[in-house]
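Given next are the chains, with one letter for each unit.
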Amino acid sequence: MLRLVAYAPDGVRRFPLHRADLLIGSAPECDLCLPYSGVAQRHARLHFEGDALRIEDLGSRKGLMVSGRKVRETALEVLDEIRIGAVTLLVEDVVPAPERSSSCCSASWSSPGSS
């Protein structure tokens with residue numbers, strides 16, 4: 001599952017990407033509400049095209065930067081950095097932690113050179 005991590009002036013927020021179509025902006029009705037400087041009310045749209053996550057600028061004045069490039073629309077990959085106004089969003093792939101078995105924690109470890 002993918003999620004966006006927002007690094008904003010007042011802290012870090014995480015947004016799981018559950019739906020196929022999400023609106024990003026400063027308006028309260030946006031799916032990802034980012035009420036910060038430089039973020040338009042309806043700034044960008046995230047959507048899945050097959051398995052590929054895409055982002056599209058919705059005509060904002062400040063635009064959209066992805067991994068240092070100004071774009072109107074582009075496919076996103078894990079670890080891409082999206083810049084919208086004063087907010088940086090990082091695309092992350094969240095993999096559920098594997099279940100731990102009791103035997104994995106009981107193994108004894110030795111330091112190098114000690115036998």
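So, here is what we can say about the structure in this document. In this text, all values refer to a predicted model and were calculated from it rather than measured experimentally.

### A short note on the state of the cysteines
Alright, step 1. Tallied over the entire structure, the rule returns zero disulfides.
Alright, step 2. This cysteine, C30, is not joined by any disulfide, and C33 carries the nearest cysteine sulfur, 6.3 Å off.

### Re the nonpolar core
Across soluble globular proteins, nonpolar side chains have a tendency to be buried as a group.
Alright, step 1. Among the nonpolar cores identified, the biggest contains 25 residues, and L4, I24, L34, L46, I55, I82 and L89 are the most heavily contacted of them.
Alright, step 2. Elements represented by at least two residues in this core include exactly β1 (2–8), β3 (21–25), β5 (44–49), β6 (52–57), β7 (64–66), β10 (81–84) and β11 (87–93).
Alright, step 3. The dominant element in this core, judged by the number of residues it contributes, is β1, at four residues.
Alright, step 4. Residues in contact with I55, not counting those within four places in the same chain, are I24, A44, R45, L46, L64, V66, R72, E73, T74, L76 and I82.

### Things to note about the sheet that holds β5
Alright, step 1. In spatial order, the strands read β4-β3-β5-β6-β9; together these five strands make up an open sheet with mixed pairing. Each end of this open sheet is capped by a strand with a single partner; those strands are β4 (32–33) and β9 (73–76).
Alright, step 2. Where β3 lies against β4, two bridges are found, and the strand directions are parallel. Across the sheet, residue I24 finds its bridge partner in β4, namely L32.

### Concerning the sheet that holds strand β8 (residues 69–71)
Alright, step 1. The six strands lie next to each other as β2-β1-β11-β10-β7-β8, forming an open sheet whose pairing is antiparallel. Across the chains shown, the open sheet's two edge strands, defined by having one partner strand only, are β2 (11–16) and β8. Averaged over all pairs of adjacent strands, the angle between their axes in this sheet comes to 30 degrees, without regard to strand direction.

### Regarding the side chain of T74
Alright, step 1. Note on placement: T74 falls in strand β9.
Alright, step 2. A relative accessible area of 14% means that T74 is categorised as buried.

### A few points about the pairing of β5
Alright, step 1. As judged from the four bridges shared by β3 and β5, these two strands associate in the antiparallel manner. Pairing of D21 across the sheet is with H47, part of β5.
Alright, step 2. In the sheet, β5 pairs with β6 via six bridges, with the strands oriented antiparallel. If you follow E49 over to β6, its bridge partner there is A52.
Alright, step 3. Two successive antiparallel strands, β5 and β6, enclose a turn made up of two residues, where G50 displays a positive phi of approximately 70 degrees.

Thresholds applied
Residues numbered from 1 in each chain as written. Predicted model: local features only at pLDDT ≥ 70, side-chain atom pairs only at ≥ 80, totals over all residues. Heavy atoms only, no water. Disulfide = S-S within 2.5 Å. Core = buried A, V, L, I, M, F, W, Y, C linked by side-chain atoms within 4.5 Å. Buried < 20%, exposed > 50% of the residue type's maximum accessible area, 1.4 Å probe, protein only. Helix = DSSP H or I, 4+ residues; strand = E, 2+ residues; numbered from the N terminus. Contact = heavy atoms within 4.5 Å. Pairing = 2+ DSSP bridges. Axes fitted to C-alpha atoms, helices over the stretch in contact; angles between N-to-C directions.

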